Amino acid sequence: MSDLIELVQQVGHPRVLVVGDVMLDRYVWGNAERISQEAPVILLRADTREERLGGASSVATMLQALGAKTSLVGIVGRDADGLRTRQMLMDLGIDAEGVVADGERPTTVKERYIGRAQARHPQQMIRVDYESRDPVPQSVERALAAALADKLRHADIVLISDYDKGVCTPGLLSKAIAGAKVRGIKAIADPTRGGDYTKYRGCSSMTPNRLEAGLATGRTIATTEQALAAAAELRDRFDLEAGIVTLDKDGMAFADRNGRSITFPTRPRQVYDITGAGDMVMATLGLALAAGADYDAAIRLANVAGGLEVEKIGVATVTREEILADLLHAPFRVNERTPGAAKVLGLPPLLTELDRRRKAGQKVAFTNGCFDVLHAGHVQYLAEARRQAECLVVGLNSDASVRRLKGPTRPLNAVEARALVLAGLQDVDYVTIFPDPTPQVLIEAVRPEVLVKGSDYRKSEVVGAEFVESYGGRVHLAELRDGFSTTGLIERMKVA
């Protein structure tokens, strides 16, 4: 996981151009109270209406939430829904100059009705679509092509989001794919179901799901072996760098030009709503590839983001912080029976635990470090830190953070191993991993009553000291045991 953590931390803000079908998703929420007296249908007592961007604009929204600089090429109608869609795009900071108005069609709207049974977990009851699926006329296609050519000049990748609503014509896609090749950037397509896939020929890759890939290749895809065969056929038939088939809970199947075929599994999730999962995979894959990641890392990261999305209701965004939290603590969810694993927490559950302890009258001490090779000096130091309060939280630097502090050869032990060793100590109550160069943000969230650091620091040098003292907390400089140093220990091991 450490390579993905570093990728998320260093991905930057790539420029992503999304081409495709712009939509408006409208949600009507309420309690499903009873069967109607007028007909054998559920009566929904509506209490909330919500609007989100869907289709290609959903991909753009997700990219924006992930920190990309996003531009969008597509169409809306000359209607109130079109104006609302434009305003939502602008409010999110998405470049919508390439969104063309077509007075001959409505803005595509998907209206979902979400019912709660006895005020409990909500479920989608029905969806109503307002749309035209006719290909855009040549005049609109020319306007889209002009917008595409303008936005391509500044793009690091092109993502094609085809929902078969008329925007992704063969003519427009040929210009998008050829333009990407001229610029030396990738073009990735999320294809429509059961359509003519020749219009995606020459893309860097495409990401059909198992049903779409089955229809495109004439295959039944029930096993990973069949998915890998379909990915290879897509690669060869449509001149792709790589064929990718998304397999929902089974991850993704991948086949590249070097003849390598591999399945990337995903972690089991509590699935609440699969709506938007494909868009999230597309957005994250595009973000990572635009930032220079290889397909392996990009697919693995997209699996994580897609998994987080299905744990939410409707088309929802996922942030880098959520992905980092999931990556940092995934090993401990998977191996919950490992001794000490229950002590390793992400920030939200940690704060819940600390609130519970404080309500019971306990005070919290906090310290932090790399703790790469644990030695007797560390054990003594942590014991003294624990004596300062009833609860000790240890902030642990992520692998990328350690490299920034200690150099490219460190850490010797990955963050998962370092966290479990610390959690195995009796004096340590909780371990939480942080990716930042300093623990300032973490300290501000934890708000410890006591901040502990080694006596090799002056209080004025301790990160977070001023903040902790501002609300009446105190700083404790713990005694360090002579003769113990991780760097010195490593050097002695080299000599031996």
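Residues numbered from 1 in each chain as written. Predicted model: local features only at pLDDT ≥ 70, side-chain atom pairs only at ≥ 80, totals over all residues. Heavy atoms only, no water.

(A) Up close: the environment of Gly 218. Tracing the chain through its elements places Gly 218 in the loop between α6 (210-217) and α7 (224-237). Gly 218 sits twelve residues away from Ala 230 along the chain, and the two C-alpha atoms are 9.0 Å apart. (Helix = DSSP H or I, 4+ residues; strand = E, 2+ residues; numbered from the N terminus.)

(B) Representation of unusual backbone geometry within the structure. The backbone of Asp 164 shows a phi angle near 60°, a positive value even though the residue is not glycine. Checked against the element boundaries, Asp 164 lands in the loop between β8 (157-161) and α5 (170-183). Even without being a glycine, Arg 447 presents a positive backbone phi close to 50°. Assignment of secondary structure puts Arg 447 in the loop between α15 (440-446) and β17 (450-454).

(C) Looking closely at the sheet that holds strand β11 (residues 242-246). With mixed pairing, nine strands are arranged side by side in an open sheet as β5-β4-β1-β8-β9-β10-β11-β12-β13. The sheet is open, and its two edges are formed by β5 (95-102) and β13 (261-264), each paired on a single side. Alignment of strand β9 (residues 186-190) against strand β10 (residues 205-206), held across two bridges, turns out to be parallel. Paired with Ala 189 across the bridge in β10 is Met 206. Strand contacts of helix α3 (residues 80-91): β4 (69-77) and β5, with the helix running at about 175° to β5, the strand carrying the most contacts. Its contacts with the sheet place helix α8 (residues 277-290) against β1 (15-20), β8, β9, β11 and β12 (252-256), and it is angled at close to 175° to β9. (Pairing = 2+ DSSP bridges. Contact = heavy atoms within 4.5 Å. Axes fitted to C-alpha atoms, helices over the stretch in contact; angles between N-to-C directions.)

(D) Inspection of the packing of aromatic side chains at higher detail. The full count for this structure, using the stated rule, is six aromatic pairs. Taking 5.7 Å as the distance between ring centres and 40° as the angle between the ring planes, the aromatic pair formed by Phe 254 and Tyr 295 counts as tilted. Taken together, the residues Phe 254 in strand β12 and Tyr 295 in helix α9 (residues 295-309) connect sequence positions 41 residues apart. For Phe 254, a relative accessible area of 1% puts it in the buried group. With a relative accessible area of 11%, Tyr 295 lands in the buried category. Above the plane of the ring of Tyr 27 lies Arg 52, whose end atom (NZ or CZ) is 4.6 Å from the centre. The ring of Tyr 471 carries Arg 447 above its face, with NZ or CZ at 4.2 Å from the centroid. (Phe/Tyr/Trp six-rings, centres within 6.5 Å; stacked < 30°, edge-to-face > 60°. Buried < 20%, exposed > 50% of the residue type's maximum accessible area, 1.4 Å probe, protein only. Lys NZ or Arg CZ within 6 Å of the ring centre and 35° of its normal.)

(E) Geometry of the side chain of Lys 199. Locating Lys 199 in the fold gives a position in the loop between β9 and β10. In terms of polar contacts, Lys 199 uses its side chain to reach the backbone carbonyl oxygen of Cys 168, at 2.8 Å. (Polar contact = N/O pair within 3.5 Å; in protein donor to acceptor, adjacent residues only side chain to side chain.)

(F) Molecular detail of the nonpolar core. In this structure, Leu 63, Leu 72 and Ile 323 are the most contacted members of the largest nonpolar core, which totals 56 residues. With near-sequence residues (within four places) excluded, Leu 63 lies in contact with Val 16, Val 18, Ala 68, Thr 70, Leu 159, Ala 283 and Leu 287. Counting residues in hydrophobic clusters, the runner-up holds 44 residues, among them Leu 144, Ile 160, Ala 187 and Ala 216. (Core = buried A, V, L, I, M, F, W, Y, C linked by side-chain atoms within 4.5 Å.)

(G) Spotlight on the environment of Tyr 471. Structurally, Tyr 471 can be placed in the loop between α16 (465-470) and β18 (474-478). Look at Tyr 471 and you get partly exposed, because its relative accessible area is 27%. Along the sequence, Tyr 471 and Ser 132 sit 339 residues apart, while their C-alpha atoms lie 60 Å from each other. Not counting chain neighbours up to four residues away, the residues in contact with Tyr 471 comprise Arg 447 and Pro 448. At 3.5 Å, the side chain of Tyr 471 forms a polar contact with the backbone oxygen of Arg 447.

(H) Fine view of the side chain of Asn 397. Relative to the elements of secondary structure, Asn 397 occurs in strand β15 (residues 391-397). Reaching out from Asn 397, the side chain makes a polar contact with the side chain of Ser 401 at a distance of 2.9 Å.

(I) Main features of the pattern of salt bridges. In the structure shown here, the tally under the stated rule is 39 salt bridges. Residues Asp 47 and Arg 116 are paired through a salt bridge, measuring 2.4 Å at the closest nitrogen-oxygen approach. Taken together, the residues span a long stretch of sequence, with Asp 47 in strand β3 (residues 42-55) and Arg 116 in strand β6 (residues 108-116) at a distance of 69 residues. With a relative accessible area of 45%, Asp 47 lands in the partly exposed category. Given the relative accessible area of 18%, Arg 116 is considered buried. For the salt bridge of Glu 461 with Arg 458, the shortest nitrogen-to-oxygen distance reads 3.1 Å. Since its relative accessible area comes to 37%, Glu 461 is described here as partly exposed. Arg 458 sits in the exposed class, given a relative accessible area of 56%. The structure contains a network of salt bridges with shared partners spanning Arg 26, Arg 49, Glu 51, Asp 81, Arg 84 and Glu 111. (Salt bridge = Lys/Arg side-chain N within 4 Å of Asp/Glu carboxyl O.)

(J) Layout of the packing of helix α2 (residues 56-65) against α8. α8 packs onto α2 with a crossing angle of 50° between their chain directions and a minimal axis gap of 9 Å. As summarised for this structure, α2 and α8 are arranged oblique, according to the angle between their axes. The way α2 lies across α8 gives a crossing that is right-handed. Contacts from Ser 58, Val 59, Met 62 and Leu 63 in α2 reach Asp 279, Met 280, Met 282, Ala 283 and Leu 287 in α8. (Parallel < 35°, antiparallel > 145°, perpendicular 65-115°, else oblique. Left-handed = near helix turned anticlockwise from the far one by under 90°.)

(K) View of the pairing of β18. In terms of strand pairing, β17 meets β18 through five bridges, oriented parallel. The residue bridging Lys 453 from the neighbouring strand is Leu 477, located in β18.

(L) Here's a closer look at a nonpolar patch on the surface. Among the surface-exposed residues, Ile 35, Ile 42, Met 125 and Ile 126 lie close enough to one another that they form a single nonpolar patch of about 370 Å² accessible area. Residue placement: Met 125 occurs in strand β7 (residues 122-130). Residue Met 125 is classed as partly exposed on the basis of its relative accessible area, which comes to 35%. (Patch = residues over 30% accessible without salt bridge, like charges linked within 9 Å, V, L, I, M, F, W, Y side chains within 5 Å. Areas by Shrake-Rupley, 256 points an atom, 1.4 Å probe, with all protein chains shown as cover.)

(M) Focus on the sheet that holds β3. Within the open sheet, the four strands sit side by side as β3-β2-β6-β7. Their pairing is mixed. Across the chains shown, the open sheet's two edge strands, defined by having one partner strand only, are β3 and β7. Adjacent strand axes in the sheet meet at a mean angle of 20° when their direction is disregarded. Most of the contacts of α2 go to β3, to which it runs at about 75°, and overall it touches β2 (22-35) and β3.

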